[in-house]
Amino acid sequence: MGTEEFDTGQPHSARVYDYLLGGKDNFAADRAAAEMALGKLPTLRASVQANRSFMIRSARYLAAERGLRQFLDIGTGLPTAPNLHQVVQAVDPTCRVVYVDNDPIVLVHARALLTSAPEGRTAYVEADLRTPKAITDTPALRDTLDLDRPVAVSLIAVMHFVTDDDATRQILSALIDPLAPGSALALSVVTTDADPDAAPAGFESLRTNVTAVRPRTLAEVEAMFDGLELVEPGVVPVHQWRPDSNAPRLLDTQVHVYGAVGIKP
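Owing to the predicted nature of the structure, the values given are computational and were not obtained by experimental measurement.

Definitions and cut-offs
Residues numbered from 1 in each chain as written. Predicted model: local features only at pLDDT ≥ 70, side-chain atom pairs only at ≥ 80, totals over all residues. Heavy atoms only, no water. Helix = DSSP H or I, 4+ residues; strand = E, 2+ residues; numbered from the N terminus. Rg over C-alpha atoms; globule rule 2.2 N^0.38 Å. Buried < 20%, exposed > 50% of the residue type's maximum accessible area, 1.4 Å probe, protein only. Contact = heavy atoms within 4.5 Å. Areas by Shrake-Rupley, 256 points an atom, 1.4 Å probe, with all protein chains shown as cover. 1 Å grid on protein atoms, 1.4 Å probe; cavity = no way out; pocket = protein on both sides within 12 Å on 5 of 7 lines; lining within 4 Å. Points joined across faces, edges and corners; volume = space filled by probe spheres on them. Nonpolar A, V, L, I, M, F, W, Y, C, P; charged D, E, K, R; others polar. Expected span 1.5 Å × (residues − 1). Polar contact = N/O pair within 3.5 Å; in protein donor to acceptor, adjacent residues only side chain to side chain. Axes fitted to C-alpha atoms, helices over the stretch in contact; angles between N-to-C directions. Parallel < 35°, antiparallel > 145°, perpendicular 65-115°, else oblique. Salt bridge = Lys/Arg side-chain N within 4 Å of Asp/Glu carboxyl O. Pairing = 2+ DSSP bridges. Right-handed = clockwise from strand over helix to strand, strands pointing away.

Caption draft 1: Spatial organisation of the overall build of the chain. Along the chain, the regular secondary structure elements total 10 helices and 8 strands. Here the C-alpha atoms of the chain give a radius of gyration of 17 Å, agreeing with the 18 Å that 2.2 N^0.38 yields for 265 residues. The principal-axis extents of the C-alpha atoms in the chain amount to approximately 45 × 45 × 40 Å. Within the chain, buried positions represent 52% of all 265 residues. Contacts in the chain between residues at least 24 apart in sequence constitute 73% of all its contacts with a sequence separation of at least 6. Element-wise, carbon and sulfur atoms account for 50% of the exposed surface of the chain, whose accessible area totals about 11,600 Å².

Below is the structure:
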């Protein structure tokens, strides 16, 4: 699949996110859209970077402290080192990871996601979060992951693109219900709670110029973990979730993303 299959003149959420992370897989339209959002919400870049750090910490926690060896990363986005498989295979090289995205831009770069340690395995599935059965039933996933054993599902900064509450509940149920006890959900989603004055304008800029985004309140994010046992400290701004000792110091008003990890009993 070549780059001619998508329009580099139109901003795209994966490339805007890449730009905010300091990546190079973006174009002028993406940078312009990101800068417009930053003009409304200057702390957006700090939020994106804190979210990426949360992905790394939550994946490491699930591999190192919970002993999970199978990971399903949905809404992967453009590869940015370290990718999830690099994080968990540093704990145990036998870890297996399936990446899922519906974005042809990500598919073009997917080879960077498939550099597994020899002892483990990675796979890439092109599928849409809104049709979760197409994810769980795909042969590539079934060939890579054993669903009779615990699986960690990673939904990092993706559920806010699902704006309907009923659809959100159905997606989460369809993904978690078939999994074995001991499976996990690591999830993050944007919020306006931290700065109700500036954050709505920033996310409205993204909606207007890039794609629809639905921020959630603390209670709405906690509801996404119904039926799961929340790992301490529960649902918190992502920079507060088990921070590393060398983590950058951020104010709560700088981070517009909630995150948490839940375990299936």
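Caption draft 2: Here's a closer look at empty space enclosed by the protein. Throughout the structure, instances matching the rule amount to 1 cavity of 30 Å³ or more. Space inside the largest cavity adds up to approximately 60 Å³. Among the secondary structure elements, those contributing two or more residues to the lining of the largest cavity are α3 (44–64) and β4 (152–156). In terms of residue count, α3 provides more of the lining of the largest cavity than any other element does, 4 residues in total. Across the lining of the largest cavity, the residue classes tally to 8 nonpolar, 2 polar and no charged.

Caption draft 3: A look at helix α8 (residues 165–176). With 12 residues, α8 should cover 16 Å at 1.5 Å per step; its first-to-last C-alpha distance of 17 Å lies within 8% of that length. Check the buried side of α8 and you find it contacts β1 (70–74), α6 (132–136), β4 and β5 (184–190). N-cap assignment for α8: the residue whose side-chain oxygen lies 3.1 Å from the backbone N of Asp-166 is Asp-164.

Caption draft 4: Looking closely at the packing of helix α1 (residues 13–20) against α3. Where α1 meets α3, the closest approach of the two axes is 9 Å, and the angle between their N-to-C directions is 95 degrees. Here α3 runs roughly perpendicular to α1, going by the angle between their axes. Contacts between α1 and α3 involve Tyr-17, Tyr-19 and Leu-20 on the former and, on the latter, Leu-44, Arg-45, Val-48, Gln-49, Asn-51 and Arg-52. Classifying every residue of the contact of α1 with α3 gives 5 nonpolar, 2 polar and 2 charged.

Caption draft 5: Layout of the pattern of salt bridges. Evaluated as defined, the whole model comprises 11 salt bridges. Asp-92 is the salt-bridge partner of Arg-69, the closest N and O atoms lying 2.7 Å from each other. Of this pair, Arg-69 sits in the loop between α3 and β1 while Asp-92 sits in the loop between α4 (84–91) and β2 (96–101); the two residues are 23 residues apart in sequence, bridging distant segments of the chain. Look at Arg-69 and you get partly exposed, because its relative accessible area is 22%. Residue Arg-214 pairs with Glu-220 through a salt bridge whose shortest N-O separation is 2.9 Å. On the accessibility criterion, Glu-220 (28% relative accessible area) is partly exposed. A cluster of three or more residues bridged by salt bridges with shared partners is formed by Asp-165, Arg-214, Arg-216 and Glu-220.

Caption draft 6: Geometry of the layout of surface pockets. Quantified by volume, the largest pocket comes out at close to 910 Å³. Lining the largest pocket we find 50 residues, and of these Ser-13, Gly-75, Ala-157, Val-158 and Phe-161 sit closest to its centre. Elements with a minimum of two residues in the lining of the largest pocket: α1, α3, β1, β2, β4 and α9 (199–209). In terms of lining, the second largest pocket is formed by 16 residues, of which the most central are Arg-169, Leu-172, Ala-223, Met-224 and Asp-226. Per-class residue counts for the lining of the second largest pocket are 6 nonpolar, 3 polar and 7 charged.

Caption draft 7: Main features of the environment of Gly-67. By the secondary structure assignment, Gly-67 is in the loop between α3 and β1. Judged by relative accessible area, Gly-67 falls into the partly exposed class, the value being 42%. Considering only alpha carbons, one finds Gly-67 and Phe-54, 13 residues apart in sequence, at a separation of 18 Å.

Caption draft 8: Fine view of the pairing of β1. In terms of burial, β1 is largely enclosed, as 5 of its 5 residues are buried. Side chains Gln-70, Leu-72 and Ile-74 of β1 all project onto a buried face; the interleaved residues Phe-71 and Asp-73 project onto the opposite face, where all are buried too. Pairing between β1 and β2: 5 bridges, direction parallel. When the sheet's bridge partners are listed, Leu-72 is paired in β2 with Val-98. Handedness of the crossover is the feature at issue here: the chain leaves β1, passes through α4, returns alongside β2, and the resulting connection is right-handed. Sheet topology places β1 next to β4; 3 bridges connect them, and they run parallel. Looking across to β4, one finds that Leu-72 is bridged to Val-153.

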